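Residues per chain are reported as follows:
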Amino acid sequence: MKSATISIHESQKPDGEYGSVTTPIHQTSTFAQHAPAEMMEGTLGKYDYSRSGNPTRSVLENVLARLENGKHGFVFASGMAAITNLALGFLSSGDHVILGDDVYGGTFRLFDKVFKRFDIESSYVDMTVPNNIAKAIKSNTKMLILETPTNPLLKLADIKAITDITTKYKVMSVVDNTFASPILQRPLDLGADIILHSTTKYINGHSDVVGGALITNNEEYSESIAFYQNTIGATADPLASWLTLRGLKTLTLRMERHNKNAKILAEFLEGHDGVEKVIYPGLASHPQYELAKKQMDDFGGMISFYLKGDAETTKKFFSQLEYFILAESLGGVESLIEIPAVMTHAALTPEARQDLGISDTLIRLSVGIEDIEDLKSDLEQALESITENSFLQRKAVG
Ligand SMILES: Cc1ncc(COP(=O)(O)O)c(C=O)c1O
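Analysis parameters
Residues numbered from 1 in each chain as written. Predicted model: local features only at pLDDT ≥ 70, side-chain atom pairs only at ≥ 80, totals over all residues. Heavy atoms only, no water. Phe/Tyr/Trp six-rings, centres within 6.5 Å; stacked < 30°, edge-to-face > 60°. Helix = DSSP H or I, 4+ residues; strand = E, 2+ residues; numbered from the N terminus. Contact = heavy atoms within 4.5 Å. Near = heavy atom within 4 Å. Polar contact = N/O pair within 3.5 Å; in protein donor to acceptor, adjacent residues only side chain to side chain. Areas by Shrake-Rupley, 256 points an atom, 1.4 Å probe, with all protein chains shown as cover. Nonpolar A, V, L, I, M, F, W, Y, C, P; charged D, E, K, R; others polar. Buried < 20%, exposed > 50% of the residue type's maximum accessible area, 1.4 Å probe, protein only. Domains from an automatic or database assignment. Buried area = accessible area lost by both parts, 1.4 Å probe.

Following the criterion strictly, the structure yields eight aromatic pairs and no others. Taking 6.1 Å as the distance between ring centres and 35 degrees as the angle between the ring planes, the aromatic pair formed by tyrosine 289 and phenylalanine 299 counts as tilted. Placement of the pair is tyrosine 289 in helix 11 (residues 289-295) and phenylalanine 299 in the loop between helix 11 and strand 13 (302-307), with a sequence separation of 10 residues. The rings of Phe305, Phe317 and Phe318 are connected pair by pair, giving a single aromatic cluster.

Below you can see the structure in the form of structure tokens.
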């Protein structure tokens, strides 16, 4: 099966009892047993308690695993719950973790503020250069978490080159595939040990569920993740699983439109006078355009760009937009816009933001699936208004 078919058919045969075409929501906390500790056998396995497992959740876990070319999927109450599960399951006091230098602010906060207290050390490196990873590995390095494309600077990491290094040094490699989705990139095929997702984003795609996932092919890792998933208990509930499963059915279709819309807008922004610089992996001006073409099937729906001007110009720009909603998060059907410096990346220190280039005029777009002409004219009129404003201001000063 190809991805568009997997999303709709994997583990989703019509229900045996009534022929329901869609997966039932098994909204139950517990399951009847034949006799003490004798569970009923269903098509997806045996269930006794919904924290340990639930048939609706199992369907989502199976679809996600299959989309990533993995064998085992696990879903959680959020992306952060998935990362916490990973860290509590595989790291101990005294261990060292390597993360990207512009890793998602919430992941940075988790390691910097929480796991540090348990003596788990973390280093932040620029993963655009694989050799930086070899240099950062120490005798106690247990795990590497890489995002590609990164958030919000859309830097790419060469997954194959990096997993060759982590395999050599016996370091577990985790790829956060949230920004690309399995439609654009399948890191397990490139040597990653575990895939991580904030399913809140493209996987669900409708901005109405918060969730996370881990996927692996490794039997030993899978057993450990299952044990900690049940023990910690930050699992996805049946309704959230069902909503995510429904969103997932159109993932391939949505990604096609996200890619197409984003490419057109990135080219438009790059040619506009009010814009200083555009970052989009599908533009020839992206420093890793060649890697993007090699590693990804398409370039995704995220664009970052610097406006000409200052924080005031940025504010004015936002106030003129009609369809781009000022909000955190990404990957939904609706277009969103945000300023990483004060929103998603506020957890970073001002110095770290400055070093990375996360300035007050850096804007991140999550391009939705609306009509491209509407999106383009919305950006165009907002850009015209700020360039006009600055022209009038210059005239007033002159
Ligand atoms: C790349 C990435 N990973 C992980 C997360 C955390 O996921 P969640 O918000 O579902 O907990 C986010 C959230 O924005 C993210 O962008």
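Here we come to the environment of tyrosine 104. Within the secondary structure, tyrosine 104 is located in the loop between strand 6 (96-100) and helix 4 (105-114). The spatial distance from the C-alpha of tyrosine 104 to the C-alpha of glutamine 320 is 28 Å, given a sequence separation of 216 residues. Here tyrosine 104 is in contact with Met80, Glu147, Asn151 and His345, once residues within four sequence places are set aside.

A few words now on the site of the ligand. Neighbouring the ligand are 13 residues, the closest being Met80, Asp176, Ser198, Thr200 and Lys201. The backbone of glycine 79 places a nitrogen or oxygen atom 2.9 Å from an oxygen atom of the ligand. Here the ligand loses 91% of its free accessible area of 400 Å² to cover by the protein chains. Each residue belonging to the shell around the ligand can be placed in one class, and the counts come to three nonpolar, seven polar and three charged.

A word on the side chain of threonine 244. Take threonine 244: it is sitting in helix 9 (residues 238-248). Judged by relative accessible area, threonine 244 falls into the buried class, the value being 3%. From its side chain, threonine 244 meets the backbone oxygen of alanine 240 in a polar contact 2.7 Å long. Not counting chain neighbours up to four residues away, the residues in contact with threonine 244 comprise Leu60, Thr199, Ile203, Asn204 and Val209.

Here we take up the domain arrangement of the chain. Assigned domains of the chain: these are domain 1 (3-248) and domain 2 (251-397). In this structure, domain 1 and domain 2 have C-alpha centres spaced 28 Å apart. Contacts between domain 1 and domain 2 engage 42 residues on the former and 41 residues on the latter. Summing the contributions of domain 1 and of domain 2, the shared interface buries around 3,200 Å²; its carbon and sulfur component is 63%. On the domain 1 side of the interface with domain 2, the three residues burying the most area are Leu156, Leu184 and Tyr202, jointly 25% of the side's total.

With that out of the way, let us pick up helix 4. Most of helix 4 sits inside the fold, with seven of its 10 residues counted as buried. Looking at helix 4, one finds that the buried residues are Gly105, Gly106, Thr107, Phe108, Leu110, Phe111 and Asp112. Close packing links the buried residues of helix 4 with helix 3 (79-90), strand 6, strand 7 (121-125) and strand 8 (141-147).

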